[in-house]
Protein chains: 2
Amino acid sequence: MVACLIAVLGATGDLGGALARRWAKAGLSVAIGSRSAESAAKAAAALAAELGCEVGSGSNAEVAAAAEIVAVTVPFAAQEATLAAIRDAVKGKLVIDTTVPLMPPKVMRVQLPPEGSAAVRAQRLLGADVTVVSAFHNVSAEKLARDAPVEGDVLVFGDDKAARARVVALAGQAGLRGLHGGALVNSAAAEALTSVLIFVNKTYQVEDGAGIRLTGHLVSAD
Amino acid sequence: MVACLIAVLGATGDLGGALARRWAKAGLSVAIGSRSAESAAKAAAALAAELGCEVGSGSNAEVAAAAEIVAVTVPFAAQEATLAAIRDAVKGKLVIDTTVPLMPPKVMRVQLPPEGSAAVRAQRLLGADVTVVSAFHNVSAEKLARDAPVEGDVLVFGDDKAARARVVALAGQAGLRGLHGGALVNSAAAEALTSVLIFVNKTYQVEDGAGIRLTGHLVSAD
């Protein structure tokens, strides 16, 4: 594995695939991880062929070890096993957790885990020597997979302000407006909101997926 | 107390006052409740003088008894006592709970109650023969107090669809876009989001208060 800036775990899925593509298009060095190194290699080859750039690949643990930043985009049911597999590889690193605690079949119902949020759960599973920031809970993977601008905002949560700012910038590099949302515990808001958005999509027949946009005059935080 | 459509409890506060004023302006018969009947009478007289219409007033229990719909707009710390005071008066009625579980001094930190949300807590405190719907968590009381249009959406949660639709309509009568947000447990999303919005207001110097707007093409639910 060649070193890269950002490893996207679960990038054979919709959200991860779309993020990896947008970051690679923005010129960031990206590697695609999956439980199966073979699936990851296939997805990476397809992306590399489309964009005409190099895209790394490997098992989740392999790409996590080679990257500076690790984005985890797996379903809630796979969160624990995925984090256990990369725990040693991500010590001292920034992990972007995108997990939403959806519990099929009742995905339109908010069901936060006992820890209060999937993000706090990730921090507990990884330990204190990993910097967890959570984001990308409310963006439609379908919209993100296209090249058109996405009007939704990305709320970013984390206890380390510099790490959070890095993810706010990464949202920008993916063509989205990233916004500081406060402490990692605040991730509960965006995680819970996903179930509400799924409900809204069904109730109001939102074909391209509802998102959220903050209203009000926001002045740059920098 | 003359019968009225909607009693607003805590209407001597910012959110309650603004809602009572908007509903009264829309022609709905409104009564203002407070722990102190005297404070309520003063607020009602001021509103009646401004709008040139009748506005009822009384203690929380008095106006709750006289109304068809009861909106509770008190701080989290006052929720339990307020609901205990009106419990008998609201049997069989629709109660709109607007409570956000803010726990000063850490109001920028999401701190959901053990029940999961203030709305579910309200339902438990009132009992099963009261229909609780929650809403108005993310609207800036300051913006609502003015006559200018407010661009934020109001997410409405409740297990009774007809009651929820009634509150969606009441949001519309207050000049806001009300949206069905699903089951009462989903209220956790909007309640948690309020702490995020307070954080955003501070971080991004949002003077008039951030709100949320759902993106995507929403088709009428009716």
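Shown above is the structure to which this text applies.
As a starting point, this report considers the structure included with it. Remember, predicted model here, so these are calculated numbers, not experimental data.

### Considerations on helix 1 (residues 14-25) of chain A
Residues and elements named next belong to chain A. With twelve residues, helix 1 should cover 16 Å at 1.5 Å per step; its first-to-last C-alpha distance of 16 Å lies within 8% of that length. Within the sequence span of helix 1, burial applies to Leu-15, Gly-16, Gly-17, Ala-18, Leu-19, Ala-20, Arg-21, Arg-22, Trp-23 and Ala-24. As for helix 1, its buried residues are in contact with strand 1 (4-9), strand 2 (30-34), helix 2 (37-51), strand 4 (67-72), helix 6 (141-145) and helix 7 (161-173).

### Let's talk about the relation of the copies chain A and chain B
After a rotation of 180° and a shift along the axis of 0.0 Å, chain A superposes on chain B with an RMSD of 0.0 Å. The symmetry that links the two subunits is that of a two-fold axis. When the interface residues of chain A are mapped onto chain B, 100% of them again fall at the interface, so both copies present the same face.

### Section: unusual backbone geometry
Residue and element names in this part refer to chain A. Of note, the bond from Pro-104 into Pro-105 is cis; its omega dihedral lies within 30 degrees of zero at 5°. Position of Pro-105 among the secondary structure elements: in the loop between strand 5 (94-97) and helix 5 (118-126). In this model, Phe-136 sits at a positive phi of 65°, which is unusual for a non-glycine residue. By the secondary structure assignment, Phe-136 is in the loop between strand 6 (131-134) and helix 6.

### Focus: the sheet that holds strand 3 (residues 56-59) of chain A
All names here are of chain A. With respect to topology, eight strands assemble into an open sheet ordered 3-2-1-4-5-6-7-8, the strand pairing being mixed. Here the strands that pair on one side only, and so sit at the sheet edges, are strand 3 and strand 8 (177-182). For this sheet, the mean inter-axis angle between neighbouring strands, taken without regard to orientation, is 25°. Relative to strand 5, strand 4 runs parallel, the two sharing four bridges. Among the inter-strand pairings, Ile-69 is bridged to a residue of strand 5, identified as Leu-94.

### Section: the sheet that holds strand 4 (residues 67-72) of chain B
All names here are of chain B. As summarised here, the arrangement of the eight strands in space is 3-2-1-4-5-6-7-8, forming an open sheet in which the pairing is mixed. Of all the strands in the sheet, just strand 3 (56-59) and strand 8 (177-182) have a single pairing partner and so form its edges. The sheet shows a mean angle of 25° between the axes of neighbouring strands, taken without regard to direction. Bridge count between strand 6 (residues 131-134) and strand 7 (residues 153-158): two bridges; the pairing is antiparallel. Residue Ser-134 lies in a different strand from strand 7, and its bridge partner there is Phe-157. Packing of helix 7 (residues 161-173) onto the sheet brings it into contact with strand 5 (94-97), strand 6, strand 7 and strand 8, and relative to strand 8 it is tilted by some 155°.

So, how was this worked out
- Residues numbered from 1 in each chain as written.
- Chains lettered and ligands numbered in written order.
- Predicted model: local features only at pLDDT ≥ 70, side-chain atom pairs only at ≥ 80, totals over all residues.
- Helix = DSSP H or I, 4+ residues; strand = E, 2+ residues; numbered from the N terminus.
- Expected span 1.5 Å × (residues − 1).
- Buried ≥ 20, exposed ≤ 12 C-beta atoms within 10 Å, placed from the backbone.
- Contact = placed C-beta atoms within 7 Å.
- Least-squares fit on C-alpha atoms with pLDDT ≥ 70 in both.
- Pairing = 2+ DSSP bridges.
- Axes fitted to C-alpha atoms, helices over the stretch in contact; angles between N-to-C directions.

Purely spatial values, then, with no claim about function.
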